[in-house]
Amino acid sequence: MAQKLPLLLAILFLPAIALATDYVVGEDKGWTIDFDYNAWAEGKDFMVGDTLIFNYPRGQHNVAKVNGSAFQSCTKEPNNGIMDSGNDKITLATPGNKWYICTFGQHCAVGGQKLKISVSDMSMSPGMQPTPNPTAQSSARTNMANGLAIFLGAIFASFLVILN
Ligand SMILES: *[C@@H]1O[C@H](CO)[C@@H](O)[C@H](O)[C@H]1NC(C)=O
Ligand SMILES: [Cu+2]
């Protein structure tokens, strides 16, 4: 049984790893003022394991993770420190709502430089949802990715068996 454990883990986790997505916040515009981050986030299925990438000229903006009320009021004290590298990567570790703001000047309050996302955990991944996904195209793509990941997982698992 103990020998089969790596195999089991590979089958369970490989599809999830293969599906992890990097999201460049604001795409080409990056992390800036006067951009509609609500619209950008809409329709995206953020999942645990995915990564947010905030790109901006260093020294002109920053990224602060805040709570829901600080997000509403653009409060400048973050809950968990400030990132200011200009290429900040945040891997989404837990499900739930996440809020990020820029604490420079009036960037959040006036410039709208604030992002709210909702992160689902693995069990809520599109391939396993009982209700049909409204974005059929992206759902089909995800199912293909799932199939490919499971296929790769099977190859990897067979490989482990041979090694054992
Ligand atoms: C939200 O964050 C602000 C600023 O860091 C803090 O003062 C406040 O107590 C927090 N609220 C909750 C409900 O955690
Ligand atoms: Cu800013």
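Note that the coordinates shown come from a computational prediction; the quantities given were computed from them, not determined experimentally.

Caption draft 1: Quick look at the overall build of the chain. A tally of helices and strands in the chain yields four helices and seven strands. Listing the helices and strands of the chain from first to last along the sequence gives α-β-α-β-β-α-β-β-β-β-α. The burial tally for the chain puts 34% of its 164 residues in the buried class. Long-range pairs, those at least 24 residues apart, make up 69% of the contacts in the chain between residues at least 6 apart in sequence.

Caption draft 2: How the structure looks around the confidence of the model for the chain. In this model, the chain carries an average pLDDT of 79, and 63% of its residues clear a pLDDT of 70 or more. Counting interchain partners and residues more than four positions distant, the pLDDT-below-50 stretch residues 128-144 has eight contacts.

Caption draft 3: The sheet that holds strand 4 (residues 82-83), seen in detail. Strand order in the open sheet made by the four strands is 4-3-6-7, with antiparallel pairing throughout. In this open sheet, the two strands that pair with only one neighbour each are strand 4 and strand 7 (114-119). Across six bridges, strand 6 (residues 96-101) lies against strand 7 in antiparallel orientation. When the sheet's bridge partners are listed, Trp-99 is paired in strand 7 with Lys-116.

Caption draft 4: Molecular detail of the coordination of the copper ion (ligand 2). Every protein donor of the copper ion (ligand 2) is accounted for by His-61 (ND1), Cys-102 (SG), His-107 (ND1) and Gln-113 (OE1), and the metal-donor separations fall at 2.0 to 2.1 Å. Here the copper ion (ligand 2) is ringed by four donor atoms whose angles at the metal span 90 to 135 degrees, and the overall shape comes out tetrahedral. Ordering the donors of the copper ion (ligand 2) by residue number gives the pattern H-x40-C-x4-H-x5-Q. Of this pair, Cys-102 sits in the loop between strand 6 and strand 7 while Gln-113 is found in the loop between strand 6 and strand 7, placing the two residues 11 residues apart along the sequence.

Caption draft 5: Geometry of the packing of aromatic side chains. Counted under the stated rule, the structure contains seven aromatic pairs. Relative to Tyr-37, the ring of Trp-31 lies with its centre 5.0 Å away and its plane at 55 degrees, an arrangement referred to as tilted. When the ring of Phe-35 is compared with that of Tyr-37, the centres are 4.6 Å apart and the planes differ by 45 degrees; the resulting orientation is tilted. With relative accessibility at 21%, the residue Phe-35 sits in the partly exposed group. Accessibility expressed as a relative area gives 2% for Tyr-37, which makes it buried. Within the aromatic cluster, the residues linked to one another by ring pairs are Trp-31, Phe-35, Tyr-37, Phe-54 and Tyr-100. For the cation-ring pair, Lys-114 lies above Phe-71, with the distance from its terminal atom to the ring centre recorded as 4.5 Å.

Caption draft 6: View of unusual backbone geometry. If you check the backbone angles, Glu-27 has positive phi at about 45 degrees while not being a glycine. With respect to the helices and strands, the residue Glu-27 is situated in the loop between strand 1 (22-24) and helix 2 (37-41). Non-glycine residue Asp-34 carries a positive phi angle of around 55 degrees. Residue placement: Asp-34 occurs in the loop between strand 1 and helix 2. By relative accessible area, which is 66% here, Asp-34 ends up exposed.

Caption draft 7: Fine view of the side chain of Lys-98. For Lys-98, the position within the fold is in strand 6. Although Lys-98 is buried, it makes no salt bridge; Asp-121 carries the closest opposite charge, 11 Å away. A distance of 2.6 Å separates polar atoms of two side chains, one belonging to Lys-98 and the other to Thr-94. Contacts of Lys-98, omitting those with residues within four sequence positions, involve Lys-65, Leu-115, Lys-116, Ile-117 and Val-119.

About the criteria used
- Residues numbered from 1 in each chain as written.
- Chains lettered and ligands numbered in written order.
- Predicted model: local features only at pLDDT ≥ 70, side-chain atom pairs only at ≥ 80, totals over all residues.
- Heavy atoms only, no water.
- Helix = DSSP H or I, 4+ residues; strand = E, 2+ residues; numbered from the N terminus.
- Buried < 20%, exposed > 50% of the residue type's maximum accessible area, 1.4 Å probe, protein only.
- Contact = heavy atoms within 4.5 Å.
- pLDDT = per-residue confidence, 0-100.
- Pairing = 2+ DSSP bridges.
- Donors = N, O, S within 2.8 Å, 3.2 Å for Na, K, Ca; no water.
- Tetrahedral: all angles 85-135°; square planar, octahedral: opposite > 155°, others 65-115°.
- Phe/Tyr/Trp six-rings, centres within 6.5 Å; stacked < 30°, edge-to-face > 60°.
- Lys NZ or Arg CZ within 6 Å of the ring centre and 35° of its normal.
- Lys, Arg positive; Asp, Glu negative; His and termini not counted.
- Salt bridge = Lys/Arg side-chain N within 4 Å of Asp/Glu carboxyl O.
- Polar contact = N/O pair within 3.5 Å; in protein donor to acceptor, adjacent residues only side chain to side chain.

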